[in-house]
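Geometric and topological summary
Residues per chain, in single letters:
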Amino acid sequence: MKLRIIAGKKLVGQYQAKNELKNIYSSVDFLIQGDSTISVIKKDSQIRALISGRVIGKRDGSNSGMMSRIDKTHPDFQSLVCSQSIDTCMDKLEGRFILVKLINERAFEVCCDRYGQIDLYYQQVSDGAIFASDLSLLPFKDNQIEYDQVGIAHSLYIYGFRPPKRHTLYKGVKRLGVGEIASWQNSQLSFCKLPPSILPTRRYGEEEHKKYSELLLDAVEKRSSPNGNIVYLSSGWDSTALLACLVKLHGPRKVRAITGRMYFSEQTGVCNPFEIKRAQEVADYFGVKLEIVEF
């Protein structure tokens, strides 16, 4: 999956003839390039939007929280993207994607899915900017790299081993944040951020737990396949819950589990024997085959 957006007249001239990616949309003020994974959405034969990634559902907007299953070829998806604002699309659509909406020949907006599950990098260059789904598609060179000390400290200190969401390890190279929308208009780059939806805390009873169970199963069902599913089973709560959901939805024959035997060193040997034992017991309980991979 490769997508690159070049904004700014000077930059468009520089990248127009580069053939590493296909030119999908071109105007005087910006250029969109990509590979065969990029889907183009048209209305009245005009390109209105482009999307990279996967769409799995559309939220119905009611209090039920349920989703209808749609993909990028579904008429409801095409209608939503062409008729609604980009922030509405971000709120309504479920999946892992980058969405670009064309306003006119001199303006566009770009966002990621509501949880920012796919990284969109960007670098401001002279009077323009370049957005890309991969760092290798940006213009910064190895001999020009300066490291972002905040990003490095965060990746070394915080569990998860990554820079903060809007940072990278490099100065001048950023990532679009969660709920953030980038806009190019009148040869200017600007950003806006959707306000978070924070609900008040309250006591949950049996009815609320039942509703949560239904929502969880619905979410897993939309993301899973009736033909087969693989769970990376750590024996912890998250992966065990997902395994249980998949077995309930599709049966044990359509689910397989994988875990790793971590060989740490000659002195220490395998460092996760208890995890493997628990994973095997969980898999046996649900009647699922467990594959153990040597790490």
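Definitions and cut-offs
Residues numbered from 1 in each chain as written. Predicted model: local features only at pLDDT ≥ 70, side-chain atom pairs only at ≥ 80, totals over all residues. Heavy atoms only, no water. Helix = DSSP H or I, 4+ residues; strand = E, 2+ residues; numbered from the N terminus. Buried < 20%, exposed > 50% of the residue type's maximum accessible area, 1.4 Å probe, protein only. Areas by Shrake-Rupley, 256 points an atom, 1.4 Å probe, with all protein chains shown as cover. Lys, Arg positive; Asp, Glu negative; His and termini not counted. Charge placed at Lys NZ, Arg CZ, Asp CG, Glu CD. Phe/Tyr/Trp six-rings, centres within 6.5 Å; stacked < 30°, edge-to-face > 60°.

The next thing to look at is the overall build of the protein chain. Regarding its fold elements, the protein chain presents seven helices and 18 strands. Along the three orthogonal principal directions, the C-alpha set of the protein chain runs to about 60 × 55 × 40 Å. Taking all 295 residues of the protein chain together, 40% fall into the buried category. Surface accessibility of the protein chain: about 17,600 Å² in total, with carbon and sulfur atoms responsible for 52%. Positive and negative side-chain charges of the protein chain, numbering 41 and 33 respectively, have mean locations separated by a distance of 2 Å.

The phi torsion at Ser 45 lies on the positive side, around 65°, for a residue other than glycine. Here Ser 45 is to be found in the loop between strand 4 (39-43) and strand 5 (46-59). The exposure class of Ser 45 is exposed, given its relative accessible area of 63%. Of note, the phi angle at Ser 187 is positive, near 60°, even though the residue is not glycine. Inspection of the secondary structure puts Ser 187 in the loop between strand 12 (180-185) and strand 13 (188-193). Classification of Ser 187 by relative accessible area gives partly exposed; the value is 28%.

Throughout the structure, instances matching the rule amount to seven aromatic pairs. Where Tyr 122 meets Phe 191, the ring centres are 5.1 Å apart and the plane angle is 35°; that geometry is what we call tilted. You can see Tyr 122 sitting in strand 9 (residues 121-125) and its partner Phe 191 sitting in strand 13, a full 69 residues away along the chain. Residue class for Tyr 122 comes out buried when judged on its relative accessible area of 8%. Within the aromatic cluster, the residues linked to one another by ring pairs are Tyr 25, Phe 30, Phe 108, Tyr 122, Phe 131 and Phe 191.

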